[in-house]
Amino acid sequence: MVLECKHVWEHISGYLDGNLDAAVLEEVQKHLEHCEICSAILDSTRNILILTADERVFELPLGFSERLHARLETEMRGFTYGPSGSEEGDT
Ligand SMILES: [Zn+2]
């Protein structure tokens with residue numbers, strides 16, 4: 001039995017959680033070895049999961065986001081001086 005990409009995608013969350021059947025796991029791993037698309041998807045899925053987990057683990061102190069927001073605003077203002085819509089080559 002050969003797994004297609006879309007089948008692998010269905011198993012990715014189970015793969016990351018370690019919930020797959022040994023047989024399925026083997027097929028998925030075999031597929032990932034030679035399929036760049038699915039390895040890339042697995043990579044980005046893993047990153048998203050780690051980010052979500054981090055968000056749960058870390059609680060930012062209240063003043064922090066406010067300060068960060070102010071800083072972002074200042075930096076964004078620095079980037080956007082000049083009239084908008086002056087990008088070239090869009091005709
Ligand atoms: Zn694939």
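Residues numbered from 1 in each chain as written. Predicted model: local features only at pLDDT ≥ 70, side-chain atom pairs only at ≥ 80, totals over all residues. Heavy atoms only, no water.

Asks: Describe the confidence of the model for the chain, naming the residues involved and giving the relevant values.
Replies: Overall, the predicted model of the chain reaches an average pLDDT of 76, with 59% of residues at or above 70. Mean pLDDT per element in the chain: helix α4 (residues 62-79) is the minimum at 65, and helix α2 (residues 22-34) is the maximum at 94. (pLDDT = per-residue confidence, 0-100. Helix = DSSP H or I, 4+ residues; strand = E, 2+ residues; numbered from the N terminus.)

Asks: How would you explain the coordination of the zinc ion if you had to name every residue and give the values?
Replies: Taken together, Cys5 (SG), His31 (NE2), Cys35 (SG) and Cys38 (SG) make up the full set of protein donors to the zinc ion, lying 2.0 to 2.3 Å away. The site at the zinc ion holds four donor atoms, and with the angles between them running 101 to 115°, its shape is tetrahedral. (Donors = N, O, S within 2.8 Å, 3.2 Å for Na, K, Ca; no water. Tetrahedral: all angles 85-135°; square planar, octahedral: opposite > 155°, others 65-115°.)

Asks: How would you explain the nonpolar core if you had to name every residue and give the values?
Replies: Formed by Leu3, Val8, Ile12, Tyr15, Leu20, Val28, Leu32, Cys35, Cys38 and Leu42, the largest nonpolar core amounts to 10 residues. Going through the elements one at a time, α1 (5-17), α2 and α3 (36-57) are the ones with two or more residues in this core. Element by element, the count of residues in this core is highest for α1, at three residues. With residues near it in sequence (within four places) discarded, Val28 still touches Leu3, Val8, His11, Tyr15 and Leu20. (Core = buried A, V, L, I, M, F, W, Y, C linked by side-chain atoms within 4.5 Å. Buried < 20%, exposed > 50% of the residue type's maximum accessible area, 1.4 Å probe, protein only. Contact = heavy atoms within 4.5 Å.)

Asks: Talk me through the UniProt feature "domain: Putative zinc-finger" (unreviewed entry) in the chain; I want residue IDs and the actual numbers.
Replies: Within this numbering scheme, the UniProt entry marks residues 5-38 as carrying the feature "domain: Putative zinc-finger" (unreviewed entry). From the first C-alpha to the last, residues 5-38 spans 7 Å; its make-up is 85% helix and 0% strand. (UniProt positions renumbered as here; feature names shortened; annotations may be inferred.)

Asks: How would you sum up the pattern of salt bridges? Please name residues and give values.
Replies: Per the counting criterion, the structure on display carries two salt bridges. The shortest N-O distance in the salt bridge between Glu27 and Lys30 comes to 3.6 Å. Taken together, the residues span about one helical turn, with Glu27 and Lys30 both in helix α2 at a distance of three residues. Taking relative accessible area as the criterion, Glu27 reaches 22% and is therefore assigned partly exposed. Across the salt bridge formed by Asp43 and Arg46, the nearest N and O atoms sit 3.6 Å from each other. Pair noted here: Asp43 and Arg46 are both in helix α3, with a separation of three residues, about one helical turn. (Salt bridge = Lys/Arg side-chain N within 4 Å of Asp/Glu carboxyl O.)

Asks: Explain α1 residue by residue, including any values.
Replies: Note on helix geometry: an α-helix contains 3.6 residues per turn, so any two residues three or four positions apart are oriented the same way. Under the 1.5 Å per step criterion, the end-to-end length of α1 is 19 Å for 13 residues, consistent within 8% with the ideal 18 Å. Every buried residue belonging to α1 is among Val8, Ile12, Gly14 and Tyr15, and all of these are buried. Of the residues flanking the end of α1, it is Gly18, one or two places downstream, whose phi is positive at about 75°. (Expected span 1.5 Å × (residues − 1).)

Asks: Explain the packing of α1 against α2 to me, using residue names and the numbers behind them.
Replies: Geometry of a packed helix pair, given as the angle between the helix axes and the separation of the axes. Two elements in contact, α1 and α2, have axes separated by 10 Å at closest approach and are oriented at 120°. Crossing of α1 against α2: the hand is left-handed. Here α1 contributes Cys5, Val8, His11 and Tyr15 to the contact with α2, which in turn contributes Val24, Leu25, Val28, Gln29, His31 and Leu32. Grouping the constituent residues of the contact of α1 with α2 by class yields seven nonpolar, three polar and no charged. (Axes fitted to C-alpha atoms, helices over the stretch in contact; angles between N-to-C directions. Left-handed = near helix turned anticlockwise from the far one by under 90°. Nonpolar A, V, L, I, M, F, W, Y, C, P; charged D, E, K, R; others polar.)

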